[in-house]
Amino acid sequence: MSSLNPAAAGPLVGAPAADNYLTHSRGFWSWAATLDHKRIGVMYLAGIFTMFLVGGLFAVLLRSVLLTPDAAAGGVKTIVDANMYNRFFTLHGAVMVFIVIIPGIPAALGNFVLPLMLGAKDVAFPRLNLCSFYLWLIGTAMALASLYWGGVDTGWTFYTPYSTKVGSSGAFGGVVPVVAGAFVLGFSSIFTGLNFIVTIHKLRPPGMTWFRMPLFLWGTYATAVIQVLATPVLGITLLLLLAERLLGIGFFDSELGGDPVLFQHFFWFYSHPAVYIMILPAMGVMSELISVFSHKHIFGYKFIAFSSVAIAILGFLVWGHHMFTSGQSELLGVIFSAITFSIAIPSAVKMFNWLTTLYKGSIDFKAPMCYALSFMWIFGIGGLTGLFLGMMGLDQHLHDTYFVVAHFHYVMAGTIFVFFGAIHYWWPKMTGRMYDEGAAVLASLLMFIGFNMTFFIQFLMGTRGMPRRYYAYRPEFQFHHIVSTMGSYVMLAAVLLLIYVLIKSLRSGRPAPANPWGAGSMEWQCASPPPHDNFKTPPPVVDAYDYESLEWDERVGGYVHRGRRGGPAATH
Amino acid sequence: MTQMADAVHPTSHAAVPHGDAHAHGHHPNLEHHFDSLTQQFDAGKLGMWLFLATEVLLFGGLFCAYAIFRRNHPEVFMYAHQFLDTTWGAINTVVLLVSSFTMAWAVTASQRGQRHLTSILLALTFLGGVGFMVIKAVEYSHKFHDGLMWGVHYDPAKHEHGHGHNGAHGAAATAAHGAADHAAPADHGTAGAAATAAPAASTHPEATTSVHAPETSGQPAATGAEAADLPPERAPLEPSQVALAPAGPAGLHTGGHDLHGPRPDNVHWFFGVYFTMTGLHGLHVLAGMAVIGWLFVRSVRGDFSADYFTPVDLGGLYWHLVDLIWIFLFPLLYLIH
Amino acid sequence: MTGILADSLGLMPPKASTFAPAVDFWFDFTLWVSIFFFVLIIGLMMIFMVMYRRRPGVRAIVTPTHSTVLELSWTIIPTILVVLMFWGGFKTYMDQRVMPSGAYEIGVNAKQWAWEFTYPNGIRHPELHVPKDVPVVLTMFSDDVLHSFFIPAFRVKMDVMRGRYTKLWFQATLASPPGGYYPVLCTEYCGTSHSTMVTKCVVHETRAEFDQWLRDADPLKKLTPEQYDEYVRDPAAFIAAHPDIQGLQSPADMGRKLWDTKGCKQCHSIDGKVGTGPSWLGIWGAQHEFSNAPPAVVEENYVRESIENPRAKALKGYAANAMPTYQGRITDREIDSIIAFIKTLKSGSETK
């Protein structure tokens, strides 16, 4: 964490002399007790990135286990036994979903960027914001503490009755701390969402109307609504799960007349919208990246904005498509399938709008853009393969196979591409430093290749009937698994290169101008890094996607408004 | 945390005021990122309403579970709710309503800058919370005592036999005693104990037959057949998974529940629902009491004025929600027809 | 109905049930649509990436920022396509979910970590055998956690749970090759040996062949009490004298087969390796310590009790409730065979 924390990395040589949020105050407590949304965002980012490495480590380990099929089939499992493998994939899933991707873009980058983009001085409730961060820390610590009790082997979905009866060792097992941790993380997420909703409603400066907001804010807003409305249901579900395991309350226990499928309904009522908590902010960032790096006004602003809201609403009504083979009633299945298809439309609308934005642009292949274009490819595949799974008849064959694994990685892990793109995009603003463009682009390419190697071949395994969460498998799939594992190693290399790029930038990156990319939204109008209280007076609100008035100025090494050549682009 | 934040951030104005030392010249309770007190108040209010929405949804999950269980098995609710003490429940409803009233009055008083009145009313509201929790504790202890608990801890032997049986008896023995003690055909106790002897009677038809009184052994078998989703060749349930705890010491509970009719299967559901809902609500009452206690301290200290009463207002909203949830819980759990 | 692309690329397992062609057809349909849109979007994206790459002195060209016609067309066309897909999925699904009447019924029991099939004549067998061209309904339940029954070749899957029966049906259209089978998999994560909760589905070419198999499925069961006594006294002689009883082997070999098929091997190794339960190697005659009972020697009664009521004696060093009871689903003769098998597992120099 400290290696990424600019404060701990020492004073920034050559940083602008002006007071900024990094230099505003010093010392451990000035960070640990800060109410500044920018510092909270940076702390989130450091924490989440660290946990991404932990989750990624589990992924590489479990992929390595799958290099060989099975002792019985002539292979030898040298690394770990089945119990350990089950713990690997459970923790990989739980860490990546609850700790990394859900808070990733909104809590880390949203926190930093949202008030700046809006032209506000902070989020509505800074203290609550800090509280969210500590809840995130506590929840994460609890989830990891499960390792002390032997880890947790239920899968991240905690399906009953396995999670209440058998999973892990002992009555307490690792299940209790992980589930309790997920509960705490849920509240962290709720408070962040609540904060953002109030901020967007009440702290918009004069002139910043709803339809002048950058699309990232629309994405974040839609996300926040889901966070606030869906997460409490996860809260109660996890509480009931704990009550079941610790007190024997019996709601989900068929021996006591309960219904294990009820848990699945409750769980997916949250966890499907949670997919949109992950993807909507990423789509918001995409709209920014695609527009900024093609220097072209975003196409179909309102359609993109409304499609975010449509996805948020429809996202609540499709949870049952995770349960086509669970024995839920056929009628329910049909309804869920129909709504599931309807959600494909707003996603497709976004894709077409991004594509049209590229048309006749001036496409600049900076690292954030490379990640964004990768996401077009990845989300294209992820979204289209969702169609297969939404078809009930096909899902009977594909459900719980590697096809599903590949599909949700193309969607959920696809958001990691946007997350990385966003880190690079706002990095100069956060740290006041530029990064090594060449190495960063190389990392993004490696990431893209590794990702497709790892997951594309899993579609082929899935259609041929390779179930997920299998420690041992039939030898006919070994080739596929080897390719997949090699892909994960390529991704590992890409992530290491990315870390190198970021650390190098912190140590010796050239100072960043206020507006290095030629972006039009408000956060680029204050200095890099921004001053402690963002804007002394709210800057005039302009069209965030109008790039006509921006041009490159060699002397500042960044973009300035036409007619203000030679001066800083900042308005104060 | 708040204190520390204020210490290192002289420019950020926490709700804990050190407004006297304030330099910028606007209201001491105005935080730096708001333009006006109105904006700050509006933001706070919207935030609170959103938070209340999440609370409603949290309970919403439980109300859902309630609805599902009740729709599928109304007989369980009809039977089991009789064990709840409507008098205590009604008293508690009144206590909470009164405390909600004093809270609303406290908000008005603080808006008018009536410091003393605000403090007194907050104290009364707090006492209302204390009263509610004490009554709840009394109710809970009775339920624990009578084995009216959730899931595996539900123990009909503790409340269905006023005559007390030696702890060494197994459940079947208890059933036999019940049959002998209460010759009346309508005796619910025997039927109940028979069901105890035959956990999930559907899986063990042979166990049911071990109880001799024909008019009573028929009962659990009938309800068992309804619930006979389970395959007959299933593994027997473990003794530990069934509420087979021996009857408590003699004279634990002397009747009082004579009019309940035959006991259906899975009565423990009701108590599972009852304890989760009232338990979670109780936690919210405690949290609300903590908030009111904090408001009381601040009110006595003189933090609030006609200009600045946001915390009282928001605390009041929260307390009303806690009250409102009870208004739903009371009829749903206590007054079932 | 079939899947041209799926077939030529070998994407799907063999088509062995009546559902397979329809499922593959709709898979193919969706695949074509997906490929079309993917190529359209990514192709255009790549063309734009090349044509409109950043060049010095060239600025982006301002084009309209929205077009209602475009927006509506790329909202409506995909809508029509997904309505088609929904219909296809719905139709196949309803075929899969509506149970035919008069089908051949087989009971399925899932437990950690084995399948067991109960045939109409009462035979319990770890493998699923079905006749070709006969609709078969499976009525499934689980003893413990969730499982999911999956035969890729039939394109069918259904969760199996405790406390509720679930049903699934299929009609096999392709007999499995001699000695071959279609894999039956568990696809709902169920714990340690989830990935080995796998068995065989054999499709017999004719009903007669299937009936023959069913008759021979449990040779032990066929023996009269007198024959059984004779068999136990001298297995080799009895087998030699009764060549008509197919599949009959010595008690120890029968026991080994049971170990292999009844789920024993998931937890009890026969090579000394410690698993969820103790290895059977060298266990016969050993002294066992329990956490809830006085020590005992491993002999006939102990083995029988451990199978029928495994929690009566909790062996120290192992989870007390890991083993499910087999009472009611194993016959006395089968227990005899298992005992005979354990007796043969005398350890030489291996450590316990």
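Comments concerning the overall build of chain C
- When its secondary structure is counted, chain C shows 10 helices and 12 strands.
- Considering chain C as a whole, with its 352 residues, one finds that 54% of them fall into the buried category.
- Taking the contacts inside chain C whose residues are at least 6 apart along the sequence as the reference set, 60% of them involve residues at least 24 apart.
- Counting only carbon and sulfur atoms, one obtains 61% of the accessible surface of chain C, whose full area is about 15700 Å².

Quick look at the confidence of the model for chain B
- In the predicted model, chain B carries a mean pLDDT of 68, and 61% of its residues have values of at least 70.
- Counted against residues more than four places away or in other chains, residues 1–24 of chain B, with its pLDDT under 50, gives 40 contacts.

Some words on the sheet that holds strand β4 (residues 128–131) of chain C
Residue and element names in this part refer to chain C.
- Within the open sheet, the 5 strands sit side by side as β4-β10-β9-β6-β7. Their pairing is mixed. Pairing within the sheet leaves two strands with one partner each, and these edge strands are β4 and β7 (156–160). On average, each strand axis in the sheet is inclined to that of its neighbour by 20 degrees, with strand direction left out of account.
- Inspection of the sheet shows strand β9 (residues 182–186) paired to strand β10 (residues 199–204) by 3 bridges, in the antiparallel sense. Looking at β10, one finds that Val184 is bridged to Thr199.
- Packing against the sheet, helix α4 (residues 207–216) makes contact with β4 and β10, and its axis sits at approximately 150 degrees to β4.

Some details on the packing of aromatic side chains
- Tallied over the full model, the rule gives 99 aromatic pairs over all chains.
- Centre to centre, the rings of Phe51 of chain B and Tyr318 of chain B are 6.3 Å apart; their planes meet at 25 degrees, and the pair counts as stacked. Note that Phe51 of chain B is positioned in helix α2 (residues 37–72) and Tyr318 of chain B in helix α12 (residues 310–334), a separation of 267 residues in sequence.
- Overall, Phe51 of chain B belongs to the buried group, its relative accessible area being 18%.
- Seen in terms of ring centroids, Phe154 of chain C and Phe170 of chain C are 4.5 Å apart; in terms of plane orientation they differ by 40 degrees. Their pairing is tilted. Note that Phe154 of chain C is positioned in the loop between β6 (147–151) and β7 and Phe170 of chain C in strand β8 (residues 166–171), a separation of 16 residues in sequence. For the pair Phe154 of chain C and Phe170 of chain C, one class covers both residues: buried.
- Directly above the ring of Tyr228 of chain C sits Arg333 of chain C, whose terminal nitrogen or CZ lies 4.4 Å from the centroid.

Side note on the interface of chain B and chain A
- Each side of the interface is counted separately: chain B has 47 residues, and chain A has 43 residues.
- Summed over both partners, the interface of chain B with chain A buries about 3900 Å², with 75% contributed by carbon and sulfur atoms.
- Between the two partners, chain B and chain A, sit 1 salt bridge.
- Here Arg127 of chain A makes a salt bridge to Glu31 of chain B, at a shortest N to O gap of 3.7 Å.

Brief notes about the nonpolar core
- The biggest cluster of nonpolar side chains holds 350 residues, and the ones touching the most others in it are Phe98, Phe420 and Trp426 of chain A together with Leu128, Phe149 and Phe154 of chain C.
- Ranked by the residues each element gives to this core, the list is headed by helix α3 (residues 82–118) of chain A, at 24 residues.
- If we skip the residues at most four places from it in the chain, Phe154 of chain C touches Ala16, Ser17, Phe19, Phe170, Ala172, Tyr182, Cys201 and Val203 of chain C.
- Listed in part, the 24 residues of the second largest apolar core include Leu315, Ile335, Phe341 and Leu345 of chain C.

A short note on the environment of Gly89 of chain C
- Position of Gly89 of chain C relative to the elements: it lies in helix α3 (residues 68–97).
- Along the chain, Gly89 of chain C and Ala22 of chain C lie 67 residues apart, while their C-alpha atoms are 9.5 Å from each other.
- In contact with Gly89 of chain C, other than residues within four places in its own chain, are Met391, Met392 and Gly393 of chain A.

Side note on the side chain of His265 of chain A
Residues and elements named next belong to chain A.
- Residue position: His265 is located in helix α8 (residues 260–293).
- A residue is classified by how much of its surface remains accessible, and His265, at 18% relative accessible area, is buried.
- In contact with His265, not counting residues within four places along its chain, are Trp319, Met323, Gln328 and Leu332.

As for the interface of chain A and chain C
- Taken together, the contact between chain A and chain C spans 88 residues of the former and 79 residues of the latter.
- Here chain A packs against chain C, burying approximately 7300 Å² in sum over the two surfaces, 67% of which is carbon and sulfur.
- Looking at the side of chain A facing chain C, the largest losses of area belong to Phe352, Gln396 and His397 of chain A, adding up to 9% of the total buried there.
- Taken together, chain A and chain C are joined by 3 salt bridges.
- On inspection of chain A and its partner chain C, the count reaches 29 residue pairs in polar contact (both at pLDDT 80 or more).
- When residues of the side of chain A that touches chain C are assigned to their parent elements, the largest contribution, 14 residues, is made by helix α10 (residues 330–358) of chain A.
- In terms of residue class, the side of chain A that touches chain C is built from 45 nonpolar, 27 polar and 16 charged.

Reading guide: rules and limits
- Residues numbered from 1 in each chain as written.
- Chains lettered and ligands numbered in written order.
- Predicted model: local features only at pLDDT ≥ 70, side-chain atom pairs only at ≥ 80, totals over all residues.
- Heavy atoms only, no water.
- Helix = DSSP H or I, 4+ residues; strand = E, 2+ residues; numbered from the N terminus.
- Buried < 20%, exposed > 50% of the residue type's maximum accessible area, 1.4 Å probe, protein only.
- Contact = heavy atoms within 4.5 Å.
- Areas by Shrake-Rupley, 256 points an atom, 1.4 Å probe, with all protein chains shown as cover.
- pLDDT = per-residue confidence, 0-100.
- Pairing = 2+ DSSP bridges.
- Axes fitted to C-alpha atoms, helices over the stretch in contact; angles between N-to-C directions.
- Phe/Tyr/Trp six-rings, centres within 6.5 Å; stacked < 30°, edge-to-face > 60°.
- Lys NZ or Arg CZ within 6 Å of the ring centre and 35° of its normal.
- Buried area = accessible area lost by both parts, 1.4 Å probe.
- Salt bridge = Lys/Arg side-chain N within 4 Å of Asp/Glu carboxyl O.
- Core = buried A, V, L, I, M, F, W, Y, C linked by side-chain atoms within 4.5 Å.
- Polar contact = N/O pair within 3.5 Å; in protein donor to acceptor, adjacent residues only side chain to side chain.
- Nonpolar A, V, L, I, M, F, W, Y, C, P; charged D, E, K, R; others polar.

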